[in-house]
Amino acid sequence: MLYMIIFLCIVTVFTAIFIGLVLFKGYTLMKDYKKGIEDLTCFHSKIKELEDVITQPVQNNSVDNHNNNSIPNQKYDLLAPKVISDNKVYSQEEFSREINSGKFQMSPMLQSKLYEKK
């Protein structure tokens, strides 16, 4: 009888320890999950802010185009690319002149890509 009581006490203690470990592991998993959700929410809000910053000038341009009663054409609305070198900003035409004059050195592959698009 005494052995049976000792056995039941040992089983009860081990069961309580097992349940405690399972609950602790579940708690840490849930805490990590909630932290991950918070991180994703933070990243989503930052991405939304960046999208707003990017789309705001585009929306302003389209409002300006509609106010001018002109049909917006993306081909003509885009600004010419600018090239920055030596703290000087070059337009596409100026950069082409500088390349043709030999001031800039370009790889043959880059030159072929540049002239291929013209």
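Cut-offs used in this document
- Residues numbered from 1 in each chain as written.
- Predicted model: local features only at pLDDT ≥ 70, side-chain atom pairs only at ≥ 80, totals over all residues.
- Heavy atoms only, no water.
- Salt bridge = Lys/Arg side-chain N within 4 Å of Asp/Glu carboxyl O.
- Helix = DSSP H or I, 4+ residues; strand = E, 2+ residues; numbered from the N terminus.
- Buried < 20%, exposed > 50% of the residue type's maximum accessible area, 1.4 Å probe, protein only.
- Arc of directions from axis to C-beta.

Q: Is there a simple way to think about the pattern of salt bridges in this case?
A: If the charged atoms of two oppositely charged side chains come close together, the side chains can form a pair. Throughout the structure, instances matching the rule amount to one salt bridge. Two residues, D39 and K35, come together in a salt bridge whose shortest N-O distance is 3.5 Å. One end of the pair, D39, and the other, K35, are both in helix α1 (residues 2-67), four residues apart, so they sit about a helical turn from each other. The exposure class of D39 is partly exposed, given its relative accessible area of 33%.

Q: Looking at this structure, I do not really get helix α3 (residues 92-101). What am I missing?
A: Helical geometry note: an α-helix holds 3.6 residues per turn, so side chains three or four residues apart project in the same direction. For α3, the full list of buried residues reads F95, S96, E98 and I99. One side of α3 holds all its buried residues, which, seen down the axis, span an arc of 165 degrees. Exposed residues lying more than 90 degrees from the buried face of α3 are E93, R97, N100 and S101. Just downstream of α3, G102 is the residue with a positive phi angle, here 95 degrees.

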